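One letter stands for each residue in the lines below.
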2 protein chains.
Amino acid sequence: MAAPDRYHHGDLRAALIARAAEVVVADGVGALSLRELARDLGVSHGAPSRHFPDKQALLDAVALDGFHRLRLDLVTAAARPAASGSFRDQFADIAVAYVDFAVRNASLLALMFAAKHREEAPEELRAAVDRTFAAPLLVIEQAQRRGEVVHGEVEDIATAIMATMHGFAALIVAGLLHPDASGAMLTATVNRLVDGLRPR
Amino acid sequence: MAAPDRYHHGDLRAALIARAAEVVVADGVGALSLRELARDLGVSHGAPSRHFPDKQALLDAVALDGFHRLRLDLVTAAARPAASGSFRDQFADIAVAYVDFAVRNASLLALMFAAKHREEAPEELRAAVDRTFAAPLLVIEQAQRRGEVVHGEVEDIATAIMATMHGFAALIVAGLLHPDASGAMLTATVNRLVDGLRPR
DNA sequence: ACCTGAACACCGTTCAAGT
DNA sequence: ACCTGAACACCGTTCAAGT
């Protein structure tokens, strides 16, 4: 038998991050209270400060965790069998994965970008963001070599793609797009970017 | 002489919205306190509740005001002399205006989209959002008639354009794009969408 | 090392009372 | 009509004390 369960079950730090992420996804950052969190986990309200110096540090950890999960989704989408097809299909698969994550974790994604935005953002977070967007970058470079995508700076093209994916997700989350038609709309948006707005 | 200045100067409601917007832009929604707001304006902490039933109602009003200001910027950009040129130039002008607003009012824009996102969002807000994005829509339709933009559903094309603008702004705000190169990068992104990722 | 529990300064909201 | 000021329940943070 281990020590009596007067203290927490072992990994309060991980439990805090997990529960905080749940609350953020369900009700937004504004609904997150350290004291309530501590109550939920059965520890005193002072306990979290052992693992996070302040609330922002916990939020940063939640954001970091979010980027890890998003990265996993994107890597999975990029490695899909269907993703071995044309660049158009690869792009569509990644876009679906990104938008899915964004819609299912809207408040979390907002927190993730807000955390990254902070000047005092930990270096760990900046690195995680770069890694998160590495998968799409690779897909673009490969497509360029196959001649399916115009040559030129990869960053320029990646920027256009990431902006489109992120912006599309934001439009859905904001309720500017009918959720019913969002699937078809995303396909149309991907095709618009691939083919261009100008007639061919 | 009017009544002695024991009460507020006349339009506490407007003053609350204006000051709240300032605080949000400067330090984010999290830094907004009704009590501090009241202190800044020289009224008691209970006074705001005469004009807004709760904090969220004030935030909705701030968001509404933000959409009005954004709409003004977009309409101005669309009516520019240079904007009488090609669709590419019109699009670029509008995109610059949108990204400018987003960068200068990052936290406010986040609040605006979050407010729109709420299910209980007042009808007034939904209407303001539609009007805000009406100007870009008109530009697209005109360009379609001139044959500069592919035919098809205007909404599909507008979605691709709005997603790109909003997403680009989000990338800058998040610090994923070097601010120095952001001007050239925006031009490149606009051109990418106009010309397509696929070689011609 | 890790957690408790009291203390402090703050917050949003409510409401009887004032003018 | 509009604002005040006390009251209430909550919050984040700090810190001596316990195990």
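Attention in this report is confined to the structure presented alongside it.

Rules used throughout
- Residues numbered from 1 in each chain as written.
- Chains lettered and ligands numbered in written order.
- Predicted model: local features only at pLDDT ≥ 70, side-chain atom pairs only at ≥ 80, totals over all residues.
- Heavy atoms only, no water.
- Near = heavy atom within 4 Å.
- Polar contact = N/O pair within 3.5 Å; in protein donor to acceptor, adjacent residues only side chain to side chain.
- Helix = DSSP H or I, 4+ residues; strand = E, 2+ residues; numbered from the N terminus.
- Least-squares fit on C-alpha atoms with pLDDT ≥ 70 in both.
- Contact = heavy atoms within 4.5 Å.
- Salt bridge = Lys/Arg side-chain N within 4 Å of Asp/Glu carboxyl O.
- Nonpolar A, V, L, I, M, F, W, Y, C, P; charged D, E, K, R; others polar.
- 1 Å grid on protein atoms, 1.4 Å probe; cavity = no way out; pocket = protein on both sides within 12 Å on 5 of 7 lines; lining within 4 Å.
- Points joined across faces, edges and corners; volume = space filled by probe spheres on them.

1. Quick look at the protein's contact with DNA strand D
1) Next: Neighbouring DNA strand D are 21 residues, the closest being Leu34(A), Arg35(A), Arg39(A), Ser44(B) and His45(B).
2) Next: At the protein interface, 56% of the atoms of DNA strand D within 4 Å belong to sugar or phosphate.
3) Next: Here a phosphate oxygen of DNA strand D and a backbone polar atom of Leu34(A) are 2.9 Å apart.
4) Next: Interatomic distance of 2.9 Å between a side-chain N/O atom of His45(B) and a base nitrogen of DNA strand D.
5) Next: Counting residues per element, the surface near DNA strand D draws most heavily on helix H2 (residues 34-41) of chain A, at 3 residues.

2. Structural notes on the relation of the copies chain A and chain B
1) Next: Least-squares fitting of chain A to chain B yields an RMSD of 0.0 Å, with the superposition described by an axial translation of 0.0 Å and a rotation of 180°. Each copy turns onto its partner about a two-fold axis.
2) Next: By residue overlap, the copies meet face to face through one surface: 100% of the interface positions of chain A are interface positions in chain B.

3. Some remarks on the interface of chain A and chain B
1) Next: Of the residues lining the interface, 43 residues belong to chain A; the matching set on chain B comes to 43 residues.
2) Next: Taken together, the connections running from chain A to chain B amount to 2 salt bridges.
3) Next: Here Asp195(B) and Arg198(A) are joined by a salt bridge, their closest N and O atoms 2.9 Å apart.
4) Next: On the surface where chain A and chain B come into contact, there are 19 residue pairs in polar contact (both at pLDDT 80 or more).
5) Next: At the level of elements, helix H4 (87-104), helix H5 (106-117), helix H8 (154-173) and helix H9 (182-195) of chain A are the ones that each hand at least two residues to the side of chain A that touches chain B.
6) Next: For the side of chain A that touches chain B, the leading source of residues is H8(A), giving 15 residues.
7) Next: Its residues assigned to classes, the side of chain A that touches chain B shows 25 nonpolar, 9 polar and 9 charged.

4. Remarks on the layout of surface pockets
All names here are of chain B.
1) Next: Reported here for the second largest pocket is a volume of approximately 460 Å³.
2) Next: At the level of secondary structure, the elements contributing two or more residues to the lining of the second largest pocket comprise helix H6 (123-132) and helix H8 (154-174).
3) Next: It is H8 that contributes the most residues to the lining of the second largest pocket, 4 residues altogether.
4) Next: Grouping the amino acids of the lining of the second largest pocket by side-chain chemistry returns 9 nonpolar, 3 polar and 4 charged.

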